[in-house]
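A closer look at the structure
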Amino acid sequence: MGVYCTAAFVRAYAVDSGTVLPASDVEVERMIARAERDIDRLIGPHLRDPITGLKLVPADLLTGQASALARATAAQVEWRAVVGEETMIGRDDGTNQLSVGGMSMDLGPPSRGPSPKVLDELAGWGLVVTQLIASPDA
């Protein structure tokens, strides 16, 4: 079961966009687990909870922060559903090419980063921590 949000929350979140999610809640829960890891990679250096292995514990957050975290996780599940799991794991099937006439151009790998909506949902809640590292010559 998801820690940052539930399958029911993801389904309700995805209604507005019309994103088609797997019919099985078990598969949606798997997508939530992967999305939670995506969110953890994005939010920067936090100590991991020894019980869940995740960086944040929603019960320890302010209500607004926990809600933002749930929305961001749902947005990432939605993104994974739209771009597809194969894209998220980095398989390159050559479909990211533009061909016009006899010319073909590789447009680079498809986006595997977080959904732009994830960044919007997390913005302003103090959950994303950045760390500056000074050069040894500084």
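Shown above is the structure to which this text applies.
A brief structural summary. Residue numbers restart at each chain and count upward from 1, following the sequence in its written direction. Local features in this predicted model are restricted to residues whose pLDDT is 70 or higher, and side-chain atom pairs enter the listing and the counts only when it is 80 or higher, whereas totals over whole chains, interfaces and linings include all residues. Computation of side-chain values covers all heavy atoms of the structure but excludes hydrogens and water.

Things to note about the environment of Gly44
- Locating Gly44 in the fold gives a position in the loop between α2 (25-43) and α3 (63-83).
- The buried label applies to any residue whose accessible area, calculated with a 1.4 Å probe on protein chains only, is under 20% of its type's maximum; exposed applies above 50%, and partly exposed to all values in between. Given a relative accessible area of 15%, Gly44 falls into the buried group.
- By definition, residues are in contact when any of their heavy atoms lie within 4.5 Å. Excluding its chain neighbours within four sequence positions, the residues that come into contact with Gly44 are Lys55 and Val129. Numbering of helices and strands runs from the N terminus, with a helix taken as a DSSP run of H or I at least four residues long and a strand as a DSSP run of E at least two residues long.

Focus: the pattern of salt bridges
- Every case where a carboxyl oxygen of Asp or Glu lies within 4 Å of a side-chain nitrogen of Lys or Arg is listed as a salt bridge. For the coordinates displayed, the defined rule picks out eight salt bridges.
- With its nearest N and O atoms 2.9 Å apart, the salt bridge here joins Arg11 to Asp25. Of this pair, Arg11 sits in helix α1 (residues 7-15) while Asp25 sits in helix α2, and the two are 14 residues apart along the sequence.
- Accessibility expressed as a relative area gives 26% for Arg11, which makes it partly exposed.
- With its nearest N and O atoms 2.8 Å apart, the salt bridge here joins Arg80 to Asp38. With Arg80 in helix α3 and Asp38 in helix α2, this pair connects stretches of sequence that are 42 residues apart.
- Residues joined in a network through salt bridges with shared partners are Glu27, Arg30 and Arg34.

Here we look at α1
- Looking only at α1, the buried set comprises Ala7, Val10, Tyr13 and Ala14. The arc that holds the buried residues of α1, viewed along the axis, is 125°, so those residues lie on one side. The exposed residues of α1 that point more than 90 degrees off its buried face are Ala8, Ala12 and Val15.
- The inward-facing, buried residues of α1 contact α2, α3 and α5 (116-122). In this description, the arc belongs to the directions extending from the helix axis to the C-beta atoms.

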